[in-house]
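# Summary of the model geometry
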Amino acid sequence: MQKFTFFGVWLLALLGIRPANAQHWLGIASSNYAGTNALYQQPAQAADSRYRLFINLAGFDTYVHTNYMRYAAPYSLVSLLTNTVPARYRNARGQLVFPYNYLPETLNGRDKRLFMGGEVRGPGLLINMKGGRMGLGLTSRVRVGMSARKIDEPTARFMRNGVPLEANLPGTIYENQSGDVNANAYGELAATFGYVLQEDEEQFWKVGITAKRVVGMYNTHLIIDDASHQLVRDRRVFNMLALNIRSAEATYGYTTEGAFTGARPTPGWLLGRQSAGGGWGLDLGVVYEYRPEARRYRYTDRGERRYDGTKNKYQYRVSVALTDIGAIRYRNPAYVTQHDVNITNKRLTRTMFLGVSGMDDYLATIDRTLELPADKRQTSFWSALPAALNVNVDYKVQENVYVSATWYQGVMPVKSVGFYTPAVLAVTPRYETRWAEVALPVSLQGNYTNLTFGLAARLGPVYMGTDHLPGVLGIGRPRGANFYAGAFIPLFRPGPKNPNQCYEPGERKWKLFRR
């Protein structure tokens, strides 16, 4: 699939909503004390949890990655986001000064991409039943996301600078171009069930399933099948560019602002047709644990053989899951529009968006410029959830010390409507106890193109972390950043009433089980 310059002008509209897409919480997700936060990557973790009851209060995440620009401001992103930038970087009125050279370009002739993301994890709980053999999780969250791929370098510069990029214009004619841009937001209510299939000394298996009700809050997409275009000078504005679309075949759809502002947690909105659209999703997962010393944790209570639920028992754990299988059908005619685009000889300029107010105005400007026929407007389309394969191997190095390897790979088909989650490969050493934990993820992010490291910590009922510490602290010239944090209420599973019931085979005397 070749890169497509038409994305540049379209992104000027999309960036008006400042969307984002959830990242992977690498420092928390593999933990045996992650609670409901583990269920988003592996539903089988609902069973045999270290918690009798885990109540999630709130959590959030934000993420951005691009291969086009780097962050080179003389202060960190934390200072920027918290508005604590020192006075010497502000003007006389106290306004922040942010020149172009704070975001230097990467100019290598390759196509550019942008992933932005975020989510809010609302109230949720995880309940262990039958001594840990079963687990039930209830979760809620709102996800927003944007992905843009195959943006050629001249258009990326056009978007950023708005000045001529070549000495001689009109520029090169790009033929047979294709690609996609997607921006999405939706709410999610989910129920997870985990069950232990086998708990037989060394061999342990558990499975899990999550069913989700997903409700569409926003969607904008552009799927290019074939296009031809070139950059030319804007005749009406000195020293500016225009995009001459010689021909284009595409699918272009959106929901209006009312779909987002009208979101309400009511039965009619969640299950009826008051929202822009709704659908269902599914997660499936399986976990295997190798437990060579399982007998250390075995005891008998009222004639029944049990294992101490307060302890991790595996030497290594292998987890495989398919997540976010499903789609949202947008079909409320009050909010939904889609067009099959087949146009020739249209011209788009960067200045056409000056003075527009709100997202609906952006979209109306594009509709008018492309002369899309109102009588061929469609009021229904499907948007896929960001389906992914999640694989994790967790190895116990010694008591409380673990190393996990994680692989996330999106499996959503090319040219799908729906946001795209970039692939990640990571190794995360961590030290975990019941009340405290620290993790140091090292990862290849952004579809294996950006090597970075992070830091995460849990202390009592709160946690925070980042999978991209250089981006947060402004170390070097990072190409991305993310941050997550949250709070919960933990009620741990009880151990044996008599600690001497747990013993090590081969010992002459029973050992007091270490707490």
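Residues numbered from 1 in each chain as written. Predicted model: local features only at pLDDT ≥ 70, side-chain atom pairs only at ≥ 80, totals over all residues. Heavy atoms only, no water.

### Quick notes on empty space enclosed by the protein
Where we set the bar: Grid spacing is 1 Å over the protein atoms alone, the probe is 1.4 Å, and a cavity is where that probe fits but cannot get out, while a pocket is an open set with protein on both sides within 12 Å along at least five of seven lines and lining residues have an atom within 4 Å of a point. Grid points are joined across faces, edges and corners, and a volume is the space filled by probe spheres set on the points. Here a helix means four or more residues in a row that DSSP labels H or I, a strand means two or more in a row labelled E, and each is numbered from the N terminus. Only Asp, Glu, Lys and Arg are considered charged in this grouping, and only Ala, Val, Leu, Ile, Met, Phe, Trp, Tyr, Cys and Pro are considered nonpolar; every other residue, Gly among them, is considered polar.
Summed over all chains, the structure comprises six cavities of 30 Å³ or more. By volume, the largest cavity amounts to about 180 Å³. For the lining of the largest cavity, the elements supplying multiple residues, two or more each, are strand 2 (112-121), strand 4 (134-151), strand 11 (316-330), strand 14 (388-398) and strand 15 (401-410). Per-element tally for the lining of the largest cavity: the top contributor is strand 15, with three residues. Class assignment of the residues belonging to the lining of the largest cavity gives a composition of seven nonpolar, eight polar and five charged.

### Some remarks on the packing of aromatic side chains
Put simply, the test is: Centre distance within 6.5 Å is the pairing criterion for rings of Phe, Tyr and Trp, where only the six-membered ring of Trp is used; planes under 30 degrees apart are then read as stacked, over 60 as edge-to-face, and the remainder as tilted. Classification of residues uses two cut-offs on accessible area relative to the type maximum, computed with a 1.4 Å probe and protein chains only: under 20% is buried, over 50% is exposed, and between them is partly exposed. In this scheme, the term charge over a ring applies when either NZ of a lysine or CZ of an arginine sits within 6 Å of the ring centre and within 35 degrees of the ring normal.
According to the stated counting rule, one finds 21 aromatic pairs in the structure shown. Judged by centre distance (6.5 Å) and plane angle (35 degrees), the rings of Tyr-71 and Phe-98 are tilted. Placement of the pair is Tyr-71 in the loop between strand 1 (51-66) and helix 3 (77-81) and Phe-98 in the loop between helix 3 and strand 2, with a sequence separation of 27 residues. By relative accessible area, Tyr-71 is classed as buried at 8%. Ring centres 5.0 Å apart and planes at 75 degrees place the aromatic pair Trp-435 and Phe-492 in the edge-to-face group. Separated by 57 residues along the polypeptide, Trp-435 in the loop between strand 16 (424-432) and strand 17 (436-439) and Phe-492 in strand 22 (residues 480-492) bring together distant segments of the chain. Overall, the relative accessible area of 45% leaves Trp-435 in the partly exposed class. Residue Phe-492 is classed as buried on the basis of its relative accessible area, which comes to 13%. Three or more aromatic residues joined by ring pairs form one cluster here, namely Trp-25, Tyr-33, Tyr-51, Phe-54, Trp-435, Tyr-463, Tyr-484, Phe-488 and Phe-492. Arg-434 extends its terminal NZ or CZ atom over the ring of Phe-492, reaching a point 4.5 Å from the ring centre.

### A look at the pairing of strand 13 (residues 381-384)
Where we set the bar: Here, a strand pair is defined by DSSP locating no fewer than two bridges between the strands.
The side-chain alternation of strand 13 yields one buried face, formed by Phe-381 and Ser-383, and one unburied face, formed by Trp-382 and Ala-384. Of the strand pairs in this sheet, strand 11 and strand 13 are connected by four bridges, and their pairing is antiparallel. From the neighbouring strand, Arg-329 faces strand 13, where its bridge partner is Trp-382.

### Details of the nonpolar core
Selection rule: Working definition of a nonpolar core: buried Ala, Val, Leu, Ile, Met, Phe, Trp, Tyr and Cys residues. They are joined through side-chain atoms within 4.5 Å.
With 30 residues, the main nonpolar core has Ile-245, Tyr-252, Val-341, Ile-343, Leu-348, Phe-353 and Leu-370 as its most contacted residues. Grouped together as the second largest cluster of nonpolar side chains are 16 residues, Ala-38, Leu-39, Tyr-484 and Phe-488 included.

### A word on the pattern of salt bridges
The following threshold applies: Every case where a carboxyl oxygen of Asp or Glu lies within 4 Å of a side-chain nitrogen of Lys or Arg is listed as a salt bridge.
In total, this model carries 23 salt bridges according to the counting rule given. Of the charged contacts in the structure, one is a salt bridge between Arg-317 and Asp-394, with a shortest N-O distance of 3.6 Å. With Arg-317 in strand 11 and Asp-394 in strand 14, this residue pair connects regions lying 77 residues apart in the sequence. Residue Asp-394 is classed as buried on the basis of its relative accessible area of 0%. The structure contains a network of salt bridges with shared partners spanning Glu-119, Arg-121, Arg-141, Arg-143, Glu-188, Lys-212, Asp-283 and Asp-324.

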